Amino acid sequence: MITSPSTPAINLASLVDSLKAAAESSRMRILVLLSRGDLTVSDLTEILGQSQPRVSRHLKLLLESDLIVRYQEGSWAYFGLSDSDWVRDFLSAMIARLDAADPTIERDQERLDAVKQRRQARASDYFSANAAEWDRLRSLHAPDKAVEAALSRLIGKKPFQSMLDLGTGTGRMLELFAPLYRRATGVDLSREMLSVARANLDKAGITQAQVRLGDLYAPPVERDSFDLIAMHQVLHYLEEPALALREAARLLRPAGRLAIVDFAPHALDFLREDHAHVRLGISDAQISDWLGEAVLNLEASETVPHGDGGDQRLTVRIWIARDPRIEIASPFQSASQKALV
């Protein structure tokens, strides 16, 4: 199947509304802050030194102009820049012109740093409380660096537009591929893990990625939107992995890739009892069947053995699948845009 991407034209009235919404000092400060990561109303109230009703009013205007998005995470609401490429390009161009030494911008950055430091402290507490169990699990399979090296080699070094990490956990996949994508979203059902992921992204200085609370069977993102989707150590937790892969396939752009990392079949029953593993590994035959149902082509696979041998070890498998549709670059795209296809 062949499709051609089209960049939607921007309505004049909509563009004027966006310009009006951004053309106010507090709202521009909010946009600058959100360009550095997603924040709550409470975060913005603290940083801006304004009342919550006033900040909420500014956010409402920015939402109505489609410059930002709002998403719920339990009782908290987070705000971030719009996923629209033109909006991000538009805002990036404006923000890049601002003087970083401006006293107001500097003060906002100092307060933002304080907010992020508290995030990292909370994440560190959660991570420390669970570190022993995570370390035990990691000891059963190949070192993370070996797995990541193999995955990076299979994905390659060519830049791309967008990435989705389903079951993002600590956000490691978003960190690993940050040099390649222009924007990325991580989705997870655990608010605690999302806190860890946000703290890790903040620490790594990654501002083009955001994380959201969501169900893998119905991720809160647009279809046909991603060049790379990662599912790292996710499938063995799922009751219906085939359904999750079909949904992931719908989210891929034409010629987009799905990277799956999971364990080969094993007999470590304690993982089911103690760590909620629904499946004791995933076989090549199962992956082949599920990808067939999702109408994706298996492009490559690789084994990352533990190296120590023994019955109490896990073998990591990597599978790379591709959407069979062919994407044709628009003749109106610039050379830099075509390079990102």
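No experiment lies behind these values; they were computed from the predicted model shown. (Residues numbered from 1 in each chain as written. Predicted model: local features only at pLDDT ≥ 70, side-chain atom pairs only at ≥ 80, totals over all residues. Heavy atoms only, no water.)

**Q** What am I meant to see in the pairing of strand β5 (residues 160-166) here?
**A** Two faces, one strand: in a regular strand the side chains alternate between the faces of the sheet. Counting buried residues along β5, seven of its seven residues qualify, which places the element largely inside the surrounding structure. Sheet topology places β5 next to strand β6 (residues 181-188); six bridges connect them, and they run parallel. Within β6, the position partnered with phenylalanine 160 by the bridge is tyrosine 181. When β5 meets strand β8 (residues 226-232), the two strands line up parallel, connected through three bridges. Of the residues in β8, the one forming a bridge with leucine 164 is isoleucine 229. (Buried < 20%, exposed > 50% of the residue type's maximum accessible area, 1.4 Å probe, protein only. Helix = DSSP H or I, 4+ residues; strand = E, 2+ residues; numbered from the N terminus. Pairing = 2+ DSSP bridges.)

**Q** Can you walk me through empty space enclosed by the protein in this structure?
**A** Which parts of space are left empty comes out when a probe the size of a water molecule is rolled across the atoms. What the rule picks out here adds up to two cavities of 30 Å³ or more. Considered as a void within the structure, the largest cavity measures approximately 80 Å³ in volume. If you list the elements that add at least two residues to the lining of the largest cavity, you get α9 (191-204) and β7 (209-213). Across the lining of the largest cavity, the residue classes break down as four nonpolar, two polar and five charged. Along the walls of the second largest cavity sit Trp76, Tyr78, Arg119, Arg122, Ser195 and Arg198, which together make up its complete lining. If you list the elements that add at least two residues to the lining of the second largest cavity, you get β4 (76-81), α6 (103-138) and α9. Residues that form the lining of the second largest cavity fall into these classes: two nonpolar, one polar and three charged. (1 Å grid on protein atoms, 1.4 Å probe; cavity = no way out; pocket = protein on both sides within 12 Å on 5 of 7 lines; lining within 4 Å. Points joined across faces, edges and corners; volume = space filled by probe spheres on them. Nonpolar A, V, L, I, M, F, W, Y, C, P; charged D, E, K, R; others polar.)

**Q** I would appreciate a short explanation of the packing of helix α3 (residues 41-48) against helix α4 (residues 52-64) in the present structure.
**A** In helix packing, the relevant descriptors are the interaxial angle and the interaxial distance, both defined with respect to the helix axes. At a minimum axis separation of 9 Å, α3 and α4 run at an interaxial angle of 110 degrees. Relative to α4, the element α3 lies roughly perpendicular. Here α3 runs over α4; the crossing is right-handed. In this structure, α3 uses Val41, Leu44, Thr45 and Leu48 to contact α4, whose residues at the interface are Gln52, Val55, Ser56 and Leu59. (Axes fitted to C-alpha atoms, helices over the stretch in contact; angles between N-to-C directions. Parallel < 35°, antiparallel > 145°, perpendicular 65-115°, else oblique. Left-handed = near helix turned anticlockwise from the far one by under 90°. Contact = heavy atoms within 4.5 Å.)

**Q** Can you help me understand the nonpolar core in this one?
**A** Nonpolar side chains in soluble globular proteins generally cluster together in the buried interior. Counting residues in each nonpolar core, the largest one holds 34 residues, and the members touching the most others are Leu151, Ile155, Met163, Phe177 and Tyr181. For this core, the leading source of residues is helix α7 (residues 144-155), giving four residues. When neighbours within four sequence positions are excluded, phenylalanine 177 is seen to be in contact with Leu151, Ser152, Ile155, Met163 and Leu228. Listed in part, the 28 residues of the second largest apolar core include Val187, Leu216, Met231 and Leu238. (Core = buried A, V, L, I, M, F, W, Y, C linked by side-chain atoms within 4.5 Å.)

**Q** Would you take a moment to explain the packing of aromatic side chains for this structure?
**A** Working definition: an aromatic ring pair is given by the centre-to-centre distance plus the angle between the planes. For the structure on display, the rule yields two aromatic pairs. An angle of 40 degrees between the planes, with centres 5.7 Å apart, marks the rings of tryptophan 86 and phenylalanine 90 as tilted. One end of the pair is tryptophan 86 and the other is phenylalanine 90, both in helix α5 (residues 85-96) and four residues apart, which spans about a single turn. Exposure remark for tryptophan 86: the relative accessible area of 28% places this residue in the partly exposed category. Among the residues examined, phenylalanine 90 registers a relative accessible area of 16% and is labelled buried. Residue placement shows arginine 198 over the ring face of tyrosine 78; its charged tip is 3.6 Å from the ring centre. (Phe/Tyr/Trp six-rings, centres within 6.5 Å; stacked < 30°, edge-to-face > 60°. Lys NZ or Arg CZ within 6 Å of the ring centre and 35° of its normal.)

Nothing here speaks to function; it is geometry throughout.
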